[in-house]
Every structure is written in structure tokens, then in C-alpha cells.
Amino acid sequence: MSISYQWDVKTVDVYPSEGGHNNVIYLVHWRLNATDTEVDAEGNPYFASVYGTQVLDTSDLSNFTDFDSVTSSQVQGWVEGAMGAEEVQNLKDGLDANIADQKNPTSVTKQLVA
């Protein structure tokens, strides 16, 4: 089992004007996807996802980056920094557990035929 993680941090909320700057990102709508190298019976990789929002501290804009120059990698770093390493690891652990449960479910839902 080898799981890779991919952040999607493309959707943000901005203050139109803040501290003398325009389009100051203050909230990131994020999604963290986990994809396993193992595949299910239909040949699809096991996959899990979690999403949320993260508020960013805008009190110090001395290192401000113009909105049109901001990259997804930069925003991901801001999100991970604001969350902290422990929370990021908790998210990944939860995704790992979700994939493990898909492989070896402890409960399944069935429908009656009659």
C-alpha cells in the first residue's frame, strides 16, 4: 500500500481591500485527496477525500504577494502552516483509515430483495 496525497486549494475568499493591498486572501476552501496504488476489484484505485476551510492570519502583510502571482503551492503552504503539522497528519491518518476500511470493511449496507 502506497498512498499519495494531493491538495486542492484553488478556491479562496479575499478582502477586496485590506491594509493597502487588493485581493487579500483570508480564507481557503481546501480538499485533501488520498489515492492508493492498490486497486479494487473493478480496477479503480482506492480513494478518500476530506475537505474544509482554513482562515489565514492577515494581521501582517509585510510579505504580501499580489493575488495574480499567488500559486497553489504557496496557498497549500499557508494552509498547512495555519493548521500545524499535527492537524495535517491527523487528516492524512483519517484518510488512510478510510482507505483501509474500504479494503476490509467492518460493516456493509445491503438491501432486501423482497
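Heads up: the structure comes first, above all this text.
Peer 1: Is there a simple way to think about helix α1 (residues 72-83) in this case?
Peer 2: Within an α-helix, residues lying three or four positions from one another point in the same direction, as the helix has 3.6 residues per turn. Look at α1: 16 Å from first C-alpha to last across 12 residues, which is about the 16 Å you get at 1.5 Å a residue. Of the positions making up α1, those classed as buried are Val75, Val79 and Met83. The buried side chains of α1 occupy one side of the element, clustering within an arc of 70° when seen end-on. In α1, the exposed positions that point more than 90 degrees away from the buried face belong to Ser73 and Gly81. As for α1, its buried residues are in contact with β1 (3-18), β2 (21-39), β3 (45-55) and α2 (85-103). Phi for Gly84, located one or two positions after α1, is positive at around 95°.

Each value, and the rule that gives it
Residues numbered from 1 in each chain as written. Predicted model: local features only at pLDDT ≥ 70, side-chain atom pairs only at ≥ 80, totals over all residues. Heavy atoms only, no water. Helix = DSSP H or I, 4+ residues; strand = E, 2+ residues; numbered from the N terminus. Expected span 1.5 Å × (residues − 1). Buried < 20%, exposed > 50% of the residue type's maximum accessible area, 1.4 Å probe, protein only. Arc of directions from axis to C-beta. Contact = heavy atoms within 4.5 Å.

Geometric values such as these leave the question of function open.
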